[in-house]
Amino acid sequence: MKYSKQRESILKYLRSTKCHPTAETVYQNILSENPNVSLGTVYRNLTLLTELGEITKITDLAGPDRFDGNNTPHYHFVCKKCGVVLDLEMDSLSHIDLLAAHNFAGTIEGHCVHFYGKCPDCTSQNMEV
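In what follows, the accompanying structure is described. (Residues numbered from 1 in each chain as written. Predicted model: local features only at pLDDT ≥ 70, side-chain atom pairs only at ≥ 80, totals over all residues. Heavy atoms only, no water.)

### Section: the packing of helix α1 (residues 5-16) against helix α3 (residues 39-51)
Logical step 1: Their axes nearest at 10 Å, the elements α1 and α3 cross at an angle of 70°. In terms of their interaxial angle, α1 and α3 are classed as roughly perpendicular. Relative to α3, the crossing made by α1 is right-handed. Residues Gln6, Arg7, Ile10, Leu11 and Leu14 of α1 form the contact with α3, whose own contacting residues are Thr41, Val42, Asn45, Leu46, Leu48 and Leu49.
Logical step 2: Here the residues of the contact of α1 with α3 sort into seven nonpolar, three polar and one charged. (Axes fitted to C-alpha atoms, helices over the stretch in contact; angles between N-to-C directions. Helix = DSSP H or I, 4+ residues; strand = E, 2+ residues; numbered from the N terminus. Parallel < 35°, antiparallel > 145°, perpendicular 65-115°, else oblique. Left-handed = near helix turned anticlockwise from the far one by under 90°. Contact = heavy atoms within 4.5 Å. Nonpolar A, V, L, I, M, F, W, Y, C, P; charged D, E, K, R; others polar.)

### Some words on the pairing of strand β4 (residues 85-88)
For a regular strand, side chains alternate in direction, first toward one face of the sheet and then toward the other.
Logical step 1: As judged from the four bridges shared by strand β3 (residues 75-79) and β4, these two strands associate in the antiparallel manner. In the strand pairing of β4, Phe77 is matched with Leu86. (Pairing = 2+ DSSP bridges.)

### Focus on the environment of Thr22
Logical step 1: Counting through the fold element by element, Thr22 comes out in the loop between α1 and α2 (23-30).
Logical step 2: Owing to a relative accessible area of 15%, Thr22 belongs among the buried residues under this scheme.
Logical step 3: A sequence separation of 102 residues divides Thr22 from Ser124, and the C-alpha atoms of the two residues are 26 Å apart.
Logical step 4: A polar contact is formed between the side chain of Thr22 and the side chain of Thr25, at a distance of 3.0 Å. (Buried < 20%, exposed > 50% of the residue type's maximum accessible area, 1.4 Å probe, protein only. Polar contact = N/O pair within 3.5 Å; in protein donor to acceptor, adjacent residues only side chain to side chain.)

### Quick word on the sheet that holds β4
Where strands meet in a sheet, backbone hydrogen bonds hold them as pairs that are either parallel or antiparallel.
Logical step 1: Ordered by their spatial adjacency, three strands build an open sheet running β4-β3-β5, and the pairing between neighbours is mixed. The strands lining the two open edges of the sheet, one partner per strand, are β4 and β5 (114-117). On average, each strand axis in the sheet is inclined to that of its neighbour by 30°, with strand direction left out of account.

### Digging into the packing of α2 against α3
Logical step 1: At a minimum axis separation of 9 Å, α2 and α3 run at an interaxial angle of 115°. Handedness of the α2/α3 crossing: right-handed. In this structure, α2 contributes Ala23, Glu24, Val26, Tyr27 and Ile30 to the contact, and α3 contributes Leu39, Val42, Tyr43 and Leu46.

### Examining the pattern of salt bridges
Logical step 1: Inspection of the entire model under this criterion finds two salt bridges.
Logical step 2: Between Arg15 and Glu54 there is a salt bridge; the shortest N-O distance is 3.0 Å. Of the two residues, Arg15 sits in helix α1 while Glu54 sits in the loop between α3 and β1 (56-58), which places them 39 residues apart along the sequence.
Logical step 3: Lys57 is the partner of Asp65 in a salt bridge, and the nearest nitrogen-oxygen pair spans 3.8 Å.
Logical step 4: Judged by relative accessible area, Asp65 falls into the partly exposed class, the value being 30%.
Logical step 5: Since its relative accessible area comes to 39%, Lys57 is described here as partly exposed. (Salt bridge = Lys/Arg side-chain N within 4 Å of Asp/Glu carboxyl O.)

Shown next, in the form of structure tokens:
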């Protein structure tokens, strides 16, 4: 694959943040370094980086897709009130692949788990009211 300054900027930004940004947020954050980049270019590069396994696309959320530069296996928490996506520090649930495969004739190759509820900020706001 040919080197791309825009793709490198996108990857660098995603690896430097834990905020799980949308494509538009990625675009806004690399614009100063790449003033000629288009939102379409950002979307194409996010798709390519996802396909290459360099980043993770987080879907199944109430809003737009989010992107994660942390490719190590981990889980996410999604706040149902404010929509923030946070990394969860917890032990692996890899044993659920074995549980799922127990009565399944196909091949289980992995899983995706999102936890939902209220984030610490939204929980503390409810307690202050």
